[in-house]
Amino acid sequence: MSENPLEVIKNADPEFFDLLENTSQTALSEGSIPMKYKLLIAMSLDAAAGAVNGVQNLAIGAMNEGATKEEVMEALRITQYIAGVGSVYTAANALKDVL
């Protein structure tokens, strides 16, 4: 991704943006859960929320951290079970140039 999607927030309210960045860094920092799994969880949540760009970026990030295509698809199976078929359509749009 070339530009931060929250750039408009950063420009309009830098203090709020810093809070968002801190939350992101806290959630996605090294810890007990390996990074690829954190990114797969986040990808699943974005698929459930209908966030195509998020699914795409998080899937790429997870794969860069060592996740396989099979792991991405298995995460999406769980997402579909919990959140429904709409999440699969979101993921399909996001992943057509990734997988």
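About the thresholds
Each chain carries its own residue numbering, running from 1 in the direction its sequence is written. The predicted nature of this model means local features are confined to residues of pLDDT at least 70 and side-chain atom pairs, given and counted, to a pLDDT of 80 or more, with totals for whole chains, interfaces and linings taken over all residues. Neither water nor hydrogens contribute to the side-chain values; these are computed over all heavy atoms in the structure. Salt bridges are defined as contacts in which a side-chain nitrogen from Lys or Arg sits within 4 Å of a carboxyl oxygen from Asp or Glu. The secondary structure listing takes helices from DSSP runs of H or I that are at least 4 residues long and strands from runs of E that are at least 2 residues long, numbered from the N terminus. Each residue's exposure class comes from its accessible area (1.4 Å probe, protein chains only) as a fraction of the maximum for that residue type: buried when under 20%, exposed when over 50%, partly exposed otherwise. Contact criterion: two residues are considered in contact whenever any of their non-hydrogen atoms come within 4.5 Å of each other. Lining residues are defined by having an atom within 4 Å of a point belonging to a cavity or pocket. Those points lie on a 1 Å grid over the protein atoms alone, cavities being sets where a 1.4 Å probe fits but cannot get out and pockets being open sets with protein on both sides within 12 Å along at least five of seven lines. Grid points are joined across faces, edges and corners, and a volume is the space filled by probe spheres set on the points. Polar here means any residue other than Ala, Val, Leu, Ile, Met, Phe, Trp, Tyr, Cys and Pro, which are nonpolar, and Asp, Glu, Lys and Arg, which are charged; Gly is therefore polar. Note on terminology: a nonpolar core comprises buried Ala, Val, Leu, Ile, Met, Phe, Trp, Tyr and Cys residues joined through side-chain atoms within 4.5 Å.

Student: Give me the lowdown on the pattern of salt bridges, citing residues and values where you can.
Tutor: Taken as a whole and assessed by the stated rule, the structure comprises one salt bridge. Among the salt bridges present, the one from Lys36 reaches Glu71, with a minimum N-O distance of 3.1 Å. Taken together, the residues Lys36 in helix α3 (residues 35-49) and Glu71 in helix α5 (residues 69-83) connect sequence positions 35 residues apart. Judged by its relative accessible area of 17%, Lys36 is buried. Judged by relative accessible area, which is 21%, Glu71 ranks as partly exposed.

Student: Describe the environment of Met35, with residues and values.
Tutor: Mapped onto the fold, Met35 is located in helix α3. Each C-alpha atom of the pair Met35 and Ala59 lies 12 Å from the other, and the pair is 24 residues apart in sequence. Leave out the neighbours within four places in its chain, and Met35 touches Leu28, Ser29, Glu30 and Glu65.

Student: Tell me what's going on with the layout of surface pockets, and back it up with residues and numbers.
Tutor: A probe as big as a water molecule, rolled over the atoms, marks out the empty space that is left. Estimated volume of the largest pocket: approximately 530 Å³. Every residue lining the largest pocket is counted, 15 residues in all, and those nearest its centre are Pro5, Ser24, Leu28, Asn57 and Leu58. Listed by contribution, the elements that provide at least two residues to the lining of the largest pocket are α2 (14-27), α3 and α4 (52-64). Counted by class, the lining of the largest pocket contains seven nonpolar, six polar and two charged residues.

Student: Quick rundown of the nonpolar core? Include the residues and the values.
Tutor: Core analysis: the biggest nonpolar cluster contains 18 residues, and Leu40, Met43, Val55, Val72, Leu76 and Leu95 have the highest contact counts within it. Elements with a minimum of two residues in this core: α3, α4, α5 and α6 (85-95). Element by element, the count of residues in this core is highest for α3, at six residues. Here Leu76 is in contact with Met43, Ala47, Ala91 and Leu95, once residues within four sequence places are set aside.

Taken by themselves, the reported measurements are silent on function.
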